[in-house]
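# Per-entry structural report
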Amino acid sequence: MRAQIKSGTVIRIFIGISALQLLLVTAVFRFSSNPKQVVTHAVLGMGLGLYLFWIILFGAATALFRNQIRRAMDAVKIEWHLKFVVFCIALAMLEEVVTTTMTNLAPIFGARVGQAYITASANYWDVVLGHSVIAFVPMFIAWAVLLSYYDFNANQALLVFVLTGTIGESLFGGLQHMLEIGMWMFVYGLMIYLPVYCLPRREKARPPRWYHFIVAVVLPFVFAVIFIPIAVPVVHHLRPSSATDFPPLSSK
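Residues numbered from 1 in each chain as written. Predicted model: local features only at pLDDT ≥ 70, side-chain atom pairs only at ≥ 80, totals over all residues. Heavy atoms only, no water.

## Things to note about the overall build of the chain
- A count of helical and extended segments in the chain gives 8 helices and 0 strands.
- When the helices and strands of the chain are read in sequence order from the N terminus, they spell out α-α-α-α-α-α-α-α.
- The burial tally for the chain puts 47% of its 252 residues in the buried class.
- Taking as baseline every contact in the chain between residues at least 6 positions apart, the subset at least 24 positions apart corresponds to 80%. (Helix = DSSP H or I, 4+ residues; strand = E, 2+ residues; numbered from the N terminus. Buried < 20%, exposed > 50% of the residue type's maximum accessible area, 1.4 Å probe, protein only. Contact = heavy atoms within 4.5 Å.)

## Observations regarding the confidence of the model for the chain
- Averaged over the chain, the pLDDT score is 88; the fraction of residues at 70 or greater is 89%.
- When pLDDT is averaged over each element of the chain, helix H3 (residues 80-104) comes out on top at 96 and helix H1 (residues 2-30) at the bottom at 81.
- Scored below 50 in pLDDT, residues 1-5 shows 4 contacts in the model against residues more than four places distant or in partner chains. (pLDDT = per-residue confidence, 0-100.)

## Thoughts on the side chain of Ser 148
- Mapped onto the fold, Ser 148 is located in helix H5 (residues 133-149).
- For Ser 148, a relative accessible area of 18% gives the class buried.
- Within the structure, Ser 148 has its side chain in polar contact with the backbone oxygen of Ala 144 (distance 3.0 Å).
- For Ser 148, the residues in contact, after removing those within four places along its chain, are Trp 80, His 81, Lys 204 and Ala 205. (Polar contact = N/O pair within 3.5 Å; in protein donor to acceptor, adjacent residues only side chain to side chain.)

## Quick look at the packing of H5 against helix H7 (residues 181-197)
- Look at H5 against H7: their axes get within 12 Å of each other, and the N-to-C directions meet at 40°. When the axis of H5 is compared with that of H7, the two are oblique. Handedness of the crossing formed by H5 with H7: right-handed. Here H5 contributes Phe 136, Phe 140, Trp 143 and Leu 147 to the contact with H7, which in turn contributes Tyr 188, Met 191, Ile 192 and Val 196.
- Per-class residue counts for the contact of H5 with H7 are 8 nonpolar, no polar and no charged. (Axes fitted to C-alpha atoms, helices over the stretch in contact; angles between N-to-C directions. Parallel < 35°, antiparallel > 145°, perpendicular 65-115°, else oblique. Left-handed = near helix turned anticlockwise from the far one by under 90°. Nonpolar A, V, L, I, M, F, W, Y, C, P; charged D, E, K, R; others polar.)

## What about the side chain of Thr 166?
- By secondary structure assignment, the location of Thr 166 is in helix H6 (residues 154-173).
- The contacts of Thr 166, once residues within four sequence positions are left out, are His 177, Met 178, Ile 181 and Trp 184.

## Quick word on the layout of surface pockets
- Empty space within the largest pocket amounts to approximately 1,500 Å³.
- Lining of the largest pocket is provided by 42 residues; of these, Ile 118, Glu 169, His 177, Trp 184 and Tyr 188 occupy positions nearest its centre.
- Put simply, the parts of the chain that give the lining of the largest pocket at least two residues each are H1, helix H2 (38-74), H3, H5, H6, H7 and helix H8 (210-238).
- The residue makeup of the lining of the largest pocket, split by class, is 27 nonpolar, 11 polar and 4 charged. (1 Å grid on protein atoms, 1.4 Å probe; cavity = no way out; pocket = protein on both sides within 12 Å on 5 of 7 lines; lining within 4 Å. Points joined across faces, edges and corners; volume = space filled by probe spheres on them.)

## Section: the packing of H3 against H7
- Running from N to C, H3 and H7 point in directions that differ by 150°, and their axes come no closer than 9 Å. The angle between H3 and H7 places the two elements in the roughly antiparallel class. Handedness of the crossing formed by H3 with H7: right-handed. Each of Phe 84, Phe 87, Cys 88, Leu 91, Ala 92 and Glu 95 in H3 lies in contact with H7, whose residues at this interface are Val 187, Leu 190, Met 191, Ile 192, Leu 194, Pro 195 and Val 196.
- A class-by-class count of the residues in the contact of H3 with H7 yields 12 nonpolar, no polar and 1 charged.

## Details of the nonpolar core
- One finds Phe 84, Phe 140 and Trp 143 to be the most contacted residues of the largest nonpolar core, which totals 59 residues.
- Considering each element in turn, this core owes the most residues, 14 residues, to H7.
- Apart from residues lying up to four places away in sequence, Phe 84 is in contact with Phe 140, Trp 143, Ala 144, Leu 147, Ile 192, Pro 195, Val 196 and Leu 199.
- In terms of nonpolar packing, the next biggest core, distinct from the first, is built from 12 residues, Phe 29, Val 39, Leu 44 and Leu 48 among them. (Core = buried A, V, L, I, M, F, W, Y, C linked by side-chain atoms within 4.5 Å.)

## A closer look at a nonpolar patch on the surface
- There is a patch of nonpolar side chains on the surface, built from Trp 210, Tyr 211, Ile 214, Val 218, Val 222, Ile 226 and Ile 230 and spanning about 740 Å² of accessible area.
- Tracing the backbone through its elements, the reader meets Ile 230 in helix H8.
- On the accessibility criterion, Ile 230 (59% relative accessible area) is exposed. (Patch = residues over 30% accessible without salt bridge, like charges linked within 9 Å, V, L, I, M, F, W, Y side chains within 5 Å. Areas by Shrake-Rupley, 256 points an atom, 1.4 Å probe, with all protein chains shown as cover. Salt bridge = Lys/Arg side-chain N within 4 Å of Asp/Glu carboxyl O.)

What follows is the structure in structure tokens.
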């Protein structure tokens, strides 16, 4: 019970951090609408869309309907490891619907598609198969393995997975992404919260000790390093032939 109270308190703190970041982004977006800052303005607008549709609306739906969703998932009679991984993948793909849509709405924010973006491509299937979800799959599998042995609750899983996600963003995009942890908390955390919340009782799963949380941060990277080189050649043939990755962002 103490672990649940502590994790819930930490999540509330991060909700406050995320809210402050949202206010800051909104203010900068409001005052960055001149032609010299078109890319910054558009990227911030896309980020605000991500906040609205994924963090606020989907996050609220998760909180309000989690018990109904758990009952619906209980009615799906497949092995829980598979159900967990598929559920996580479905939520990750749903999140990328939001981000790719925001990227394609660049003209609404005054930029051309490809001039400003928050995904590596404007093509949804290219994003999920070539950049994002393909990397998440082994991470979700790693969590399925962990949950076979350790009874992480949904709050704990959310907090741990956001560390994995934030580290991953920082490794690939720069250390400045560590400052965005309030946003990543819910971008990544909401991918795994419901799947863990909907898990059945596992007789062999025991309460995690402190060092299991460290393992839970690192193990998804280990699985990704093993899995991705195997998957890339296969996925390369599945990616849309018309897909084009965006070049690095320009300030103009």
